[in-house]
Amino acid sequence: METVTEHTATAWLSEDEQRAWRIHLDVSRLLMYQLERDLQAFGLTNNDYEILVNLSEAEDRRLRMSDLARSTLQSKSRLSHQITRMESSGLVRRENCESDRRGLYAVLTEHGWETMRQVAPRHVASVRAHFIDLIPPESLAAYHEALRPVADHLRTERTK
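As a convention, each chain's residues are numbered from 1 in the sequence order in which they are written. Confidence filtering applies because this is a predicted model: local features only for residues at pLDDT of at least 70, side-chain atom pairs given and counted only at 80 or more, and all residues used for totals across whole chains, interfaces and linings. Derived side-chain values reflect all non-hydrogen atoms in the structure, with water molecules and hydrogen atoms excluded from consideration.

Draft legend 1. Seen up close, the packing of helix H1 (residues 15-40) against helix H5 (residues 110-130). The angle between two axes is taken between their N-to-C directions and runs from 0 to 180 degrees, where each axis is a line fitted to C-alpha atoms and a helix contributes only its stretch in contact. Helix numbers and strand numbers start at the N terminus; a helix is a DSSP run of H or I with at least 4 residues, a strand a run of E with at least 2. The contact between H1 and H5 brings their axes to 10 Å, and the two run at 150°. Between H1 and H5, the crossing angle belongs to the class labelled roughly antiparallel. As H1 runs across H5, the sense of the crossing is right-handed. Where H1 abuts H5, its residues Leu31, Gln34, Leu35, Asp38 and Leu39 lie against Val119, His123, Ser126, Val127 and His130. Considering only residue class, the contact of H1 with H5 consists of five nonpolar, four polar and one charged. What sets the label is the angle itself: under 35 degrees gives roughly parallel, over 145 gives roughly antiparallel, 65 to 115 gives roughly perpendicular, and the rest give oblique. Handedness of a crossing follows from how the near helix is turned relative to the far one, being left-handed for an anticlockwise turn of less than a right angle and right-handed for a clockwise one. Between two residues, a contact is recorded if the distance between any of their heavy atoms is within 4.5 Å. Under this grouping Gly is polar, as are all residues other than the nonpolar Ala, Val, Leu, Ile, Met, Phe, Trp, Tyr, Cys and Pro and the charged Asp, Glu, Lys and Arg.

As structure tokens, this is what we get:
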């Protein structure tokens, strides 16, 4: 498979491809901006919320920091700073890993769990209002099918 760094003739985007690419960029940026605005009322960012979701869905509401970094696509260093900020808000805490002295867990606190219980319904309403309810139901499956290969490809690239 050809990579971006190989020197080949440029396969410029057709008009239809260009329109699809640009609307994807517009929707991605505008949607994330709106969702972030809606989370600000709770003092959260999209990154905060993603971490809270990951921890709330994990067994015992805890994940190794390295696993959390991988699932949120953050460097360990960036995640560490994020967790420090969230610790000061009482949303999470760190715990040592008994089986690996170098390892740490991020753990959702009771305050973090209560925050999730309060924010999640409003976040879902925001996702509905600004995304799901604007797409005709018959188009959702096609949308998923169209983007699934892209997501699978990018997940594979991430692990290389």
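Draft legend 2. Local environment of the packing of aromatic side chains. Here a pair means two rings of Phe, Tyr or Trp (six-membered ring of Trp) with centres within 6.5 Å. Their orientation is stacked below 30 degrees between planes, edge-to-face above 60, and tilted elsewhere. With the rule as written, the count across this model stands at one aromatic pair. Directly above the aromatic system of Trp113 lies the positively charged group of Arg61, at a separation of 3.6 Å from the ring centroid. Definition used: whenever NZ (Lys) or CZ (Arg) falls within 6 Å of the ring centre and also within 35 degrees of the ring normal, the charge is taken to sit over that ring.

Draft legend 3. Molecular detail of H1. One fewer than the residue count of a helix, multiplied by 1.5 Å, yields its expected span. Here H1 is 26 residues long and its end C-alpha atoms lie 37 Å apart, about the 38 Å a rise of 1.5 Å per residue gives. For H1, the full list of buried residues reads Leu31, Gln34, Leu35 and Leu39. Buried-residue contacts for H1 involve helix H2 (46-57) and H5. Exposed residues in this analysis have more than 50% of their type's maximum accessible area, buried residues have under 20%, and partly exposed residues fall in between, with area computed by a 1.4 Å probe over protein chains only.

Draft legend 4. Region of the structure containing a nonpolar patch on the surface. A surface patch of nonpolar side chains, about 340 Å² in accessible area, is lined by Tyr143, Leu147, Val150 and Leu154. Following the sequence through the fold, Leu154 ends up in helix H6 (residues 137-158). Patches were defined on residues exceeding 30% relative accessible area and lacking a salt bridge, with like-charge contacts within 9 Å and nonpolar side-chain contacts (Val, Leu, Ile, Met, Phe, Trp, Tyr) within 5 Å. Note on areas: Shrake-Rupley with a 1.4 Å probe; residue coverage comes only from the protein chains shown. The salt bridge criterion pairs a side-chain nitrogen of Lys or Arg with a carboxyl oxygen of Asp or Glu, the two atoms within 4 Å.

Draft legend 5. Representation of the pattern of salt bridges within the structure. Summed over the entire model, instances satisfying the criterion amount to eleven salt bridges. Between Arg94 and Glu87 there is a salt bridge, with the nearest N and O atoms lying 3.0 Å from each other. Assessed through its relative accessible area of 23%, Arg94 is described here as partly exposed. Asp133 is the salt-bridge partner of Arg128, the closest N and O atoms lying 3.1 Å from each other. Under the relative-accessibility criterion, Arg128 is labelled partly exposed at 42%.

Draft legend 6. A look at the sheet that holds strand E1 (residues 62-64). An order of E1-E3-E2 is seen for the three strands of this open sheet, with the pairing classed as antiparallel. Of all the strands in the sheet, the pair left with one neighbour each is E1 and strand E2 (92-97). Direction aside, the axes of adjacent strands within the sheet are offset by 30° on average. Here three bridges tie E1 to strand E3 (residues 100-108), and the two strands are oriented antiparallel to one another. Note that in E3 the partner of Leu63 across the bridge is Ala106. In this fold H2 packs onto E1, E2 and E3, with an angle of close to 100° to the strand it touches most, E3. Against the sheet, helix H4 (residues 76-88) engages E2 and E3, with an angle of about 120° to E2. In short, DSSP must find at least two bridges between two strands for them to pair.

Draft legend 7. Here's a closer look at H5. For H5, built from 21 residues, the straight-helix expectation of 30 Å at 1.5 Å per residue is met to within 8% by its first-to-last C-alpha distance of 30 Å. Turning to H5, its buried residues are Gly112, Thr115, Met116, Val119, His123 and Ser126. Close packing links the buried residues of H5 with H1, H2 and E3.

Nothing here speaks to function; it is geometry throughout.
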